[in-house]
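Chain by chain, the residues:
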Amino acid sequence: MAAAAAIKKMRVLEDELFPSTPGKVKIERAGAMNRQLHRCFASTSTMFLWALFLVAMTASYLSFQSFVDTSSKYFAASWGGMHWERQIRASAAPRRPPGSAPGAGMSVLVTGAAGFVGTHCSLALRKRGDGVVGIDNFNSYYDPSLKKARKALLVSHGVFVVEGDINDGRLLAKLFDVVPFTHVLHLAAQAGVRYAMENPASYVHSNIAGLVTLLEACKNADPQPAIVWASSSSVYGLNDKVPFSEVDRTDQPASLYAATKKAGEEITHTYNHIYGLSITGLRFFTVYGPWGRPDMAYFSFTRNILQGKPITVYRGKDHVDLARDFTYIDDIVKGCLGSLDTAGKSTGTGGKKRGPAPYRIFNLGNTSPVTVPNLVSILEKHLRVRAKKNIVEMPGNGDVPFTHANITLARQQLGYKPTTNLDAGLKKFVKWYLSYYGYTRGSKNMRQ
């Protein structure tokens, strides 16, 4: 009985699990499978569509980001386009005064235009009717806001300044493509003797690589421009023969800055010899004046004296006072313009020399060296404030104990004649400094 009951239960269970109608189980199984497959494919299709959507969105974002990045780089470059080219041409066009001869006036590309000497030269060229286009990279060697202020001054006088680097060959090629410049006044450089010990690479980048990039652009230009560029009195280095003459030795530089400027003289001579570029190098002697460089001694002395801070006055060996041939900016500008006016034409075409071209080097100084303690005394007089002085021995940082220019050659060939002594020049500088930095006598509030 028990066995029969067990067998009956197994049959009942079997009937429940496996119905007696074969077609029914196949249909139900097939239907269940279809429903599962349908759900699976429906889910997969949905996921696939979402995946496609996400891929499309990602691609769109990346394309847009690429466009934004490209646009940002374009606008950040701050050059190019029809409007930019019109501005370049307008600024480069000579504005001849009434009565000028046809074709009078130069079209000058000024590098380092927002710098100290560059600003003054650009203004002087524009004032007399020459076309001027400036280029400057506005680096942070000293306060860029001062450079921006100089740029604003240039713009107010109709001089367009391109924000760019002379190492950018594409930019230079574009400028020469837009305007057939007759002259280049190359004043862009990494300045300063002592800073070369902190950042030597910047001197090679600007004073050597940048110079070569510019010379390449000038070499390939049609027509080739005449070039006037700023060398430095620092090339005289350890030379102890005074006054310094252009024929004196310049193979003993005392600083990396001086070495890069000496290298520049050799490089420019090479380009003159091989490619027929007309080149004039100017050895500046301690330029000072309004809108000057904050890293210069007279500038930093003025700031510290007004703020009641001590100034450091270096002294040479055997307690000998250092002396410099301080040259006022207006006299330097006259020398630069005289060099441009007398520069012969370049003779190359398509990068090939067709004949000999002028190669010249001139000293531009004041010929009257003044000791640093005397400089401080003059500043005290015009500022009406006594300086707190720390007298220390000159460290071995590349500075030389004295400079003194022989300007006979510049006087003969350029008509160069400095007219501003240090007392008169510093008086003008102090007047500008007090005005620019908002200093009121008797007050310690300045915009610095």
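Computed from a predicted model, the values in this text were never measured in an experiment.

1. Thoughts on the confidence of the model for the protein
Taken as a whole, the protein shows an average pLDDT of 85; of its residues, 79% reach a score of 70 or greater. With pLDDT under 50 throughout, residues 37–42 is counted as low confidence; its partners more than four residues away or in other chains account for zero contacts. Counted against residues more than four places away or in other chains, residues 61–76, with its pLDDT under 50, gives three contacts.

2. With respect to the packing of aromatic side chains
All chains considered together, the criterion is met by 28 aromatic pairs. Between Tyr 288 and Phe 326 the ring centres are 6.3 Å apart and the planes differ by 90°, which places this aromatic pair in the edge-to-face class. Within this pair, whereas Tyr 288 is found in strand 7 (residues 287–288), its partner Phe 326 is found in the loop between strand 9 (323–324) and strand 10 (327–328), the two being separated by 38 residues in sequence. Exposure class is identical for Tyr 288 and Phe 326. Each is buried. Clustering of aromatic rings is evident, with ring pairs tying together Tyr 288, Trp 291, Tyr 298, Phe 299, Phe 326, Tyr 328, Phe 429, Trp 432, Tyr 433, Tyr 436 and Tyr 437. Taking the ring centre of Tyr 142 as reference, the NZ or CZ of Lys 147 above it sits at 4.5 Å. Across from the ring centre of Tyr 275, 4.7 Å away, lies the NZ or CZ of Lys 219, which sits over that ring.

3. Comments concerning the sheet that holds strand 3 (residues 160–163)
On the basis of which strands lie adjacent, the open sheet formed by seven strands has the order 3-2-1-4-5-6-13 and parallel pairing. Strands at the two margins of the open sheet, each flanked by one partner only, are strand 3 and strand 13 (359–364). Across the sheet, the mean angle from the axis of one strand to that of its neighbour is 20°, orientation sign disregarded. Sitting on the sheet, helix 7 (residues 200–220) touches strand 1 (107–111), strand 4 (183–186), strand 5 (226–230) and strand 6 (279–284), and the angle it makes with strand 4 is about 175°.

4. Topic: helix 4 (residues 116–127)
Compared with an ideal rise of 1.5 Å per residue, which puts 12 residues at 16 Å, helix 4 spans 17 Å between its outermost C-alpha atoms and is within 8% of the ideal. The element helix 4 is extensively covered by neighbouring structure, given that nine of its 12 residues are classed as buried. Three or more residues of helix 4 are buried, namely Phe 116, Val 117, Gly 118, Thr 119, His 120, Cys 121, Ser 122, Leu 125 and Arg 126. Taken from the residues just after helix 4, Gly 129 is the one with a positive phi, measuring 105°.

5. Comments concerning the state of the cysteines
Counted under the stated rule, the structure contains zero disulfides. Just so you know, Cys 121 is unpaired, no disulfide at all, and the nearest cysteine sulfur is the one on Cys 336, 3.8 Å from it. Cys 121 sits in the buried class, given a relative accessible area of 0%.

6. Digging into the packing of helix 9 (residues 297–306) against helix 13 (residues 422–436)
Two elements in contact, helix 9 and helix 13, have axes whose closest approach is 11 Å; the angle formed by their N-to-C orientations is 55°. Comparing their axes, helix 13 and helix 9 come out oblique. For the pair helix 9 and helix 13, the sense of crossing is right-handed. Contacts between helix 9 and helix 13 involve Tyr 298, Phe 299, Thr 302, Arg 303 and Leu 306 on the former and, on the latter, Leu 426, Phe 429, Trp 432, Tyr 433 and Leu 434. Here the residues of the contact of helix 9 with helix 13 are counted per class, giving eight nonpolar, one polar and one charged.

7. Quick look at the pattern of salt bridges
All told, the structure shown has 13 salt bridges when counted by the stated rule. Among the salt bridges present, the one from Glu 265 reaches Arg 283, with a minimum N-O distance of 2.8 Å. Linking Glu 265 in helix 8 (residues 256–275) with Arg 283 in strand 6, this pair joins segments that are 18 residues apart in sequence. You'll find Glu 265 and Arg 283 in the same group, each marked buried. Salt bridges linked by common partners bring Glu 85, Arg 89 and Lys 174 together as one network.

Rules behind the numbers
- Residues numbered from 1 in each chain as written.
- Predicted model: local features only at pLDDT ≥ 70, side-chain atom pairs only at ≥ 80, totals over all residues.
- Heavy atoms only, no water.
- pLDDT = per-residue confidence, 0-100.
- Contact = heavy atoms within 4.5 Å.
- Phe/Tyr/Trp six-rings, centres within 6.5 Å; stacked < 30°, edge-to-face > 60°.
- Helix = DSSP H or I, 4+ residues; strand = E, 2+ residues; numbered from the N terminus.
- Buried < 20%, exposed > 50% of the residue type's maximum accessible area, 1.4 Å probe, protein only.
- Lys NZ or Arg CZ within 6 Å of the ring centre and 35° of its normal.
- Pairing = 2+ DSSP bridges.
- Axes fitted to C-alpha atoms, helices over the stretch in contact; angles between N-to-C directions.
- Expected span 1.5 Å × (residues − 1).
- Disulfide = S-S within 2.5 Å.
- Parallel < 35°, antiparallel > 145°, perpendicular 65-115°, else oblique.
- Left-handed = near helix turned anticlockwise from the far one by under 90°.
- Nonpolar A, V, L, I, M, F, W, Y, C, P; charged D, E, K, R; others polar.
- Salt bridge = Lys/Arg side-chain N within 4 Å of Asp/Glu carboxyl O.

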